[in-house]
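For reference, the chains in residue letters:
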Amino acid sequence: MAGTALTDPAQLAKFRAVQQLAYAAAESVGQALQPGVTEQQAVQRIRDYLLERGVQDWFHTPFAWFGDRTAFRNFWTPLKFFPTQRRLEEGMPFILDCAPVREGYMADIGYAGCLGTNPIYEQLMNDLAEYRTLIVTRVRDGAPLRQIYRDVDALLARHGYDNRHRVYPGRVIAHQIGMVHSRLPKFIAAGFGIRALHTLVGDLIVERMHHRSPLWADGEISNHPATPGLWAVEPHIGFRDVGVKFEEILVVPPSGDAYWLDDDLPHVRRWQRAAAAS
Amino acid sequence: MTVTTKDIITTDGVPLRVHESGPAGAPTVVCVHGYPDDHTLWDDVTTELAARYRVVSYDVRGAGESGKPRSRRGYRIDQLVRDLAAVIDAVSPDRPVHLLAHDWGSVQAWHAVTGQRLRDRISSYTSISGPCINHADHWFRARLRRPTPRALRELVTQLRMSWYVAWFQLPLLPELAWRAGLAQRLLALVDDAGVCAVADAVNGLQLYRANMMPRLTASRPRTTDIAVQVLAPQRDPFVSRSLQTEIRRWVPNLAVRELPAGHWLPRTHPHTVARCASELIDHVEGGPPARGLRRARRTDRKRQRFDDTLVVITGAGSGIGRATALEFAEHGAEVIVTDIDQQAAERTAQLAGTLGPRASAYLLDVSDCGAMEKFGTVLRENHGIPDIVINNAGIGVAGPFFDTTVADWERIIDVNLWGVIHGCRVLGGLMVEGRTGGTIVNIASAAAYLPTRSLPAYAATKAAVLALSQCLRGELAQAGIGVVTICPGFVHTNIANSTRFVGRDAAQEQATRQRATTLYRRRNFTPRQAAREILRAVQRNTAVAPITVEAKAGLLISRLTPGLLRSLARTDLIPR
């Protein structure tokens, strides 16, 4: 997928449709969450929603994090990412994250919400908009990915927040996505779909030969401008025991003039509403 | 200030000399003095209060220019309450009054506010160093009934303080002691009593003889619903803290302030007494409660560690300053953030607001004496007197002594040392003036006691801050202000990035900064961890608080084997 940059409008439309579906799942489940629901129940609801609507496979199975787990506090083993019996309470933030695959097209999205009101959540969500702008602007500038990662860190420091995406495997703020072509059986290992993982590992090897990586982090291997293709970008910022993120597809055409695949997403609508209100 | 004086004849015919001042129509404050004083005890307090209230003070029977009852019966507490009622009815027949009383005056006033006679005639009561006899009785009995170690300790403490009450019961000897001047000398030894008239002291002995004989059976507890504020001096040699303040079961609407002072608070701290009293009066008259009063309230609500506390932090736009501001806000404090970068300060205040009460941000260059003084005035007017001041702003200069220019020296001394001096002088000055105690926190560094060839300028300024803080701690102990010195060590902040590395060109300097930042990041001691330690140090009033392990070990080694540190000082710490 990395080698062949996706620019065909018909294909992009399919990616957009899957991303819309994934966000619709997260938003509909998120808005229906009530006190007492566990992370595992929330995940099951997302799964049911998506399976009913034609999703056949997963890049990774859905995740749900409630309360201080949104900020990945004390995530000293990757097992901590998996949904638990933690129950949602009034004023608790939550994050729903899912990556469905439908007809070979995949999306990877993150949806941050809150049950009731939480001033820290509100502040974080408002500030998250700056990261979306910063990232696409810097990719367009042709800045090396590692530098953009550091720019994000600098913005975090200015805001007084923590970088929480560094807790993800490989400290990634983004990873490339594309069509899933694998013929392996549909099977989930450690939360990841085997077929999608197969594709990703293939990319890792190919990209490695070009001294690049489909994973975007702050290491030497990310010291190159964005590879053309689709990137699922997921800045995850935290303050105290609250974390918020978005995750959506950034299109990097060979020309380098990057853009977000879709602006009709819950977090973007939130910022548009806020801008219109002020 | 015009004072009008008149005599009021009380129920048993004894005349009381009453003095009134202040605007007519304003809320009336009636001040009752104790033993062995007369109304002049309140002179300085009256001067302050009379600007806004009608202030009434009178000589209690037996004292000053009031009449003297013939018999001991005339000094019984019920009669004293009738006197108070006569004064209140005469000076404010239509409106309830606010009471302010000290020592024996307090004892009478307690009897009045917990009794029926003056119900609806008193709106608020500020009591200084005088318990309710009835509460004291129950206080003693409760401790005898359940003699836990703590209860026994409190009992012994109070009995040790009250020996003179027993001595006053003896015939003639106390009179002789007063007339011979012995009692005055003894009093001067234990507290600053000022001068009192021998006749007043001798007459007043009857107060103790008529009212203080212990009873065998307990009377019913006397309670009151009105707003009561107890000002409890911490160094009171006659009334223990516990006896004065552990009364909430009888006084539900209670506020307690412990003040760093002795027994004669109205004489030694008139400004504080006036401020505390007016805060209660203004609130009872319908105003919002002042911060000090809110903090003093005794309620069942679970309080946060720093609720209703005003904290000022310099250099709080980033690093330890920001983290400390946030930590204080999270524990209930109202935080005032200052920084040389206004935007950064505002950002900290914004974050603090999500964790706790509303915070405010000010642009402030701590090295600018004029700016600091202006800030002090603004702070006082807009927010009040700070309870905690944290002089945190600081910069770094690293590199060999002979490469450090005079300009480098001036800059770092201006910020790191003068900044702290101005902070202590202006903001600490407000606290001294306010006489409510508090804490000054100066952020020094482990470099203050760990010599190194790499940081001559920085270490010199920080060592100066450490020395200054310890001297100031000695000076301000009497005022009840703690001075805490923090020596952080390697905390991952922006300091390495903003440090001036002398003796290098711009590119080399930038590279050094990056390497130093990397080292700080690997050390990975977060500002928030440091902030938590700072809060703990404030709570414990720690003299010198090293934060990280290396700072603690360094302090220990500097005391055990300073020679070792001197040899280590030859190593260059700056990353190449």
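Here the structure is a predicted model, which is why all the values come from computation and not from measurement.

K.L.:
Is there a simple way to explain the overall build of chain A in this structure?
P.N.:
Along chain A, the regular secondary structure elements total 6 helices and 14 strands. Scaling as 2.2 N^0.38, a compact globule of 278 residues should have a C-alpha radius of gyration of about 19 Å, and chain A matches this with 18 Å. Within chain A, buried positions represent 47% of all 278 residues. Long-range contacts, defined here as pairs at least 24 residues apart, represent 73% of the contacts in chain A between residues at least 6 apart.

K.L.:
I keep staring at the pairing of strand 15 (residues 438–443) of chain B and nothing clicks. Help me out?
P.N.:
Look at any regular strand and the pattern is simple: side chains alternate between the two faces of the sheet. All names here are of chain B. Counting buried residues in strand 15 gives 6 out of 6 residues, a clear majority hidden from the surface. Going residue by residue along strand 15, you find Gly438, Ile440 and Asn442 tucked away on one face and Thr439, Val441 and Ile443 tucked away on the opposite face as well. Two strands pair when backbone bridges link them, and strand 13 (residues 388–391) and strand 15 are joined in this way by 4 bridges, in the parallel orientation. Bridging across to strand 15, Ile388 finds its partner in Thr439. Examined bridge by bridge, strand 15 and strand 16 (residues 481–487) share 6 bridges and lie parallel to one another. Bridge pairing in strand 16 places Ile443 opposite Ile486. Handedness of the β-α-β unit built from strand 15, helix 18 (residues 456–476) and strand 16 comes out right-handed.

K.L.:
Looking at this model, I keep getting lost on the interface of chain A and chain B. Mind explaining?
P.N.:
When the parts of a complex come together, some accessible area is lost, and that lost area is often used as the size of the interface. Counting residues at the interface gives 6 residues for chain A and 6 residues for chain B. Ranked by the residues each element gives to the side of chain A that touches chain B, the list is headed by helix 3 (residues 119–140) of chain A, at 3 residues. In terms of residue class, the side of chain A that touches chain B is built from 2 nonpolar, 3 polar and 1 charged.

K.L.:
Where do I start with unusual backbone geometry in this structure?
P.N.:
Residue and element names in this part refer to chain B. Omega for the peptide link from Tyr35 to Pro36 comes to -5°, which places this bond in the cis form. Within the secondary structure, Pro36 sits in the loop between strand 3 (28–32) and helix 1 (43–49). Residues other than glycine seldom take positive phi values, yet Leu172 does so here, at roughly 65°. When you line up the elements, Leu172 lands in the loop between helix 6 (163–168) and helix 7 (173–179). Given 7 C-beta atoms within 10 Å, Leu172 falls into the exposed group. Here Asn524, not a glycine, exhibits a phi torsion of approximately 55°, which is positive. Relative to the assigned elements, Asn524 resides in the loop between helix 20 (506–523) and helix 21 (527–540).

K.L.:
Where do I start with helix 14 (residues 319–330) of chain B in this structure?
P.N.:
An α-helical turn contains 3.6 residues, so a residue and the one three or four places further along point in the same direction. Residues and elements named next belong to chain B. Taking 1.5 Å per residue, 12 residues should reach 16 Å; helix 14 reaches 17 Å between its end C-alpha atoms and fits that length. Where helix 14 is concerned, the buried positions are Gly319, Ile320, Gly321, Arg322, Ala323, Thr324, Ala325, Leu326, Glu327, Phe328, Ala329 and Glu330. Of the residues trailing helix 14, Gly332 is marked for its positive phi of about 100°.

K.L.:
I would appreciate a short explanation of the nonpolar core in the present structure.
P.N.:
Generally speaking, soluble globular proteins have nonpolar side chains that are buried together. Grouped together as the largest cluster of nonpolar side chains are 81 residues, with contacts concentrated most on Ala26, Ile46, Phe94, Leu96, Met106 and Trp231 of chain A. Formed by 78 residues, the second largest nonpolar core is a distinct cluster that contains Val312, Leu379, Ile440 and Phe501 of chain B.

K.L.:
What is the right way to read the sheet that holds strand 12 (residues 242–245) of chain A from this model?
P.N.:
Strands pair in a sheet through their backbones, by hydrogen bonds, and they do so in one of two ways: parallel or antiparallel. All names here are of chain A. Taken in spatial order, the 3 strands make up an open sheet running 5-11-12, and their pairing is antiparallel. The outermost strands of the open sheet, each flanked by one partner alone, are strand 5 (162–163) and strand 12. By the bridge criterion, 4 bridges tie strand 11 (residues 236–239) to strand 12 in an arrangement that is antiparallel. Bridge pairing in strand 12 links Phe239 to Val242. Contacts between helix 3 and the sheet are confined to strand 11 and strand 12, with strand 12 contributing the most and set at about 35° to the helix.

K.L.:
So what exactly am I meant to see when it comes to the pairing of strand 13 of chain B here?
P.N.:
All names here are of chain B. Side chains Ile388 and Ile390 project from strand 13 onto one buried face, and the interleaved Val389 and Asn391 project onto a second face that is buried too. Strand direction decides the pairing type here: strand 10 (residues 310–313) and strand 13, joined by 3 bridges, are parallel. Considered in strand 13, the bridge of Val311 is made with Ile388.

K.L.:
How do you make sense of the environment of Arg380 of chain B when you look at a structure like this?
P.N.:
Tracing the chain through its elements places Arg380 of chain B in helix 16 (residues 369–382). Considering only alpha carbons, one finds Arg380 of chain B and Leu430 of chain B, 50 residues apart in sequence, at a separation of 7.8 Å.

K.L.:
Got a minute to help me understand the domain arrangement of chain B in this structure?
P.N.:
All names here are of chain B. Partitioning chain B into structural domains gives domain 1 (4–136 + 214–298) and domain 2 (310–568). Here the C-alpha centroids of domain 1 and domain 2 sit 44 Å apart. Sorting the residues of the side of domain 1 that touches domain 2 by element identifies helix 12 (270–284) and helix 13 (291–296) as the ones contributing at least two each. Counted by class, the side of domain 1 that touches domain 2 contains 2 nonpolar, 5 polar and 1 charged residues.

K.L.:
What is the right way to read the packing of helix 1 (residues 9–32) of chain A against helix 2 (residues 39–52) of chain A from this model?
P.N.:
In helix packing, the relevant descriptors are the interaxial angle and the interaxial distance, both defined with respect to the helix axes. Residue and element names in this part refer to chain A. It is the contact of helix 1 with helix 2, at a shortest axis distance of 9 Å, that shows an interaxial angle of 140°. Viewed along their axes, helix 1 and helix 2 adopt a mutual orientation that is oblique. Considering the relative orientation of helix 1 and helix 2, their crossing is right-handed. For the pair helix 1 and helix 2, contact is made by Leu21, Ala25, Ala26, Ser28 and Val29 and by Ala42, Arg45, Ile46, Tyr49 and Leu50, respectively. Looking at the contact of helix 1 with helix 2 residue by residue, the classes come out as 8 nonpolar, 1 polar and 1 charged.

K.L.:
It is not clear to me how helix 2 of chain A should be interpreted in this structure. Could you clarify?
P.N.:
All names here are of chain A. Helix length check: helix 2 (14 residues) gives 20 Å between terminal C-alpha atoms against 20 Å at 1.5 Å per residue, within 8%. Turning to helix 2, its buried residues are Glu39, Ala42, Val43, Arg45, Ile46, Tyr49 and Leu50. In a view along the axis of helix 2, the buried residues occupy a sector of 160°, so they form one face of it. Of the residues in helix 2, the exposed ones pointing more than 90 degrees away from the buried face are Asp48, Leu51 and Glu52. Taken together, the buried residues of helix 2 touch helix 1, strand 1 (57–66) and strand 2 (93–102).

K.L.:
Help me understand the sheet that holds strand 12 (residues 360–363) of chain B, please; the structure alone is not making it clear to me.
P.N.:
Residue and element names in this part refer to chain B. Taken in spatial order, the 7 strands make up an open sheet running 12-11-10-13-15-16-18, and their pairing is parallel. The sheet terminates laterally at strand 12 and strand 18 (544–546), the two strands that pair on one side only. Direction aside, neighbouring strands of the sheet carry axes that sit 15° apart on average. Along the sheet face, helix 17 (residues 406–434) touches strand 10, strand 13, strand 15 and strand 16 and points at about 175° away from the line of strand 13. Along the sheet face, helix 18 touches strand 15 and strand 16 and points at about 160° away from the line of strand 16.

K.L.:
Sorry, what's going on with the environment of Val426 of chain B here?
P.N.:
Residues and elements named next belong to chain B. By the element assignment, Val426 lies in helix 17. Taking the C-alpha atoms as reference points, Val426 and Gly204, separated by 222 residues in sequence, lie 44 Å from one another. Contact partners of Val426, with chain neighbours within four places excluded, come to Met372, Glu373 and Gly376.

K.L.:
Help me understand the packing of helix 16 of chain B against helix 17 of chain B in this model?
P.N.:
All names here are of chain B. For the pair helix 16 and helix 17, the least separation of the axes is 10 Å and the interaxial angle reads 20°. Between helix 16 and helix 17, the angle falls in the class roughly parallel. By crossing handedness, the relation of helix 16 to helix 17 is classed as right-handed. Each of Cys369, Met372, Glu373, Gly376 and Arg380 in helix 16 lies in contact with helix 17, whose residues at this interface are His422, Gly423, Val426, Leu427 and Leu430. Along the lines of polarity and charge, the residues of the contact of helix 16 with helix 17 split into 5 nonpolar, 3 polar and 2 charged.

Here is what the cut-offs are and how they apply
Residues numbered from 1 in each chain as written. Chains lettered and ligands numbered in written order. Predicted model: local features only at pLDDT ≥ 70, side-chain atom pairs only at ≥ 80, totals over all residues. Helix = DSSP H or I, 4+ residues; strand = E, 2+ residues; numbered from the N terminus. Rg over C-alpha atoms; globule rule 2.2 N^0.38 Å. Buried ≥ 20, exposed ≤ 12 C-beta atoms within 10 Å, placed from the backbone. Contact = placed C-beta atoms within 7 Å. Pairing = 2+ DSSP bridges. Right-handed = clockwise from strand over helix to strand, strands pointing away. Nonpolar A, V, L, I, M, F, W, Y, C, P; charged D, E, K, R; others polar. Expected span 1.5 Å × (residues − 1). Core = buried A, V, L, I, M, F, W, Y, C linked by C-beta atoms within 7 Å. Axes fitted to C-alpha atoms, helices over the stretch in contact; angles between N-to-C directions. Domains from an automatic or database assignment. Parallel < 35°, antiparallel > 145°, perpendicular 65-115°, else oblique. Left-handed = near helix turned anticlockwise from the far one by under 90°. Arc of directions from axis to C-beta.

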